Amino acid sequence: MTKNFKTRTCNRCGWVYMGVSRAFAETEVAEFNDYFKTLSKKKRKHYYNDTPSSIKNYEHCQCGNLYTNFRDAESGDAPWGVTMSSIIHDESIKKLIKKTIKKVNKNFKNTLSKLAKSEK
Ligand SMILES: [Zn+2]
């Protein structure tokens, strides 16, 4: 599953994150918060500083930089095997949509040219 995610590098501090969709981040937040609610007050405080998860955690780098000010990571940005946190990467969806539209257009053009040939 993780190999489908692009790694992203913070333009401000250079920290590397795993790029995830907003929908994925929202699911993670909801799942964590469901779990969080089941914990005793003492455990919430001890393990999580009594703070539930928030979509804001996925929108900001540890340095405070916003997810929109990231670039695709290059090899060497992060040491091999390092544990990565997640950051929202909406662009991956935009690219996917663009790619799909391009493919559909290409198929459409191919179909049109085939039709044109068959009419000759
Ligand atoms: Zn940063």
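Residues numbered from 1 in each chain as written. Predicted model: local features only at pLDDT ≥ 70, side-chain atom pairs only at ≥ 80, totals over all residues.

### Comments concerning the nonpolar core
Thinking step 1. If you look at the biggest cluster of nonpolar residues, it comprises 10 residues: Cys10, Tyr17, Val20, Ala25, Tyr58, Cys61, Tyr67, Phe70, Ile87 and Ile88.
Thinking step 2. Of all the secondary structure elements, the ones that give two or more residues to this core are β2 (16-20) and β4 (86-88). (Core = buried A, V, L, I, M, F, W, Y, C linked by C-beta atoms within 7 Å. Buried ≥ 20, exposed ≤ 12 C-beta atoms within 10 Å, placed from the backbone. Helix = DSSP H or I, 4+ residues; strand = E, 2+ residues; numbered from the N terminus.)

### A closer look at the domain arrangement of the protein
Thinking step 1. Partitioning the protein into structural domains gives domain 1 (2-89) and domain 2 (91-120).
Thinking step 2. In this structure, domain 1 and domain 2 have C-alpha centres spaced 36 Å apart. (Domains from an automatic or database assignment.)

### A look at the pairing of β2
Thinking step 1. For strand β1 (residues 7-10) and β2, the ladder comprises 3 bridges, and the chain directions are antiparallel. Bridge pairing in β2 places threonine 9 opposite valine 16.
Thinking step 2. Following β1, the chain reverses through 5 residues before pairing antiparallel with β2; glycine 14 in that reversal takes a positive phi of roughly 85°.
Thinking step 3. Sheet analysis places β2 next to β4, joined by 3 bridges and oriented parallel. Note that in β4 the partner of glycine 19 across the bridge is isoleucine 87. (Pairing = 2+ DSSP bridges.)

### Concerning the pairing of β1
Thinking step 1. Relative to strand β3 (residues 70-72), β1 runs antiparallel, the two sharing 3 bridges. Bridging from a neighbouring strand, threonine 9 pairs with arginine 71 of β3.

### A look at the sheet that holds β1
Thinking step 1. Taken together, the 4 strands give an open sheet; going across it, the order is β3-β1-β2-β4, and neighbouring strands pair in mixed fashion. Across the chains shown, the open sheet's two edge strands, defined by having one partner strand only, are β3 and β4. Ignoring which end each strand starts from, the neighbouring axes of this sheet average 50° apart. (Axes fitted to C-alpha atoms, helices over the stretch in contact; angles between N-to-C directions.)

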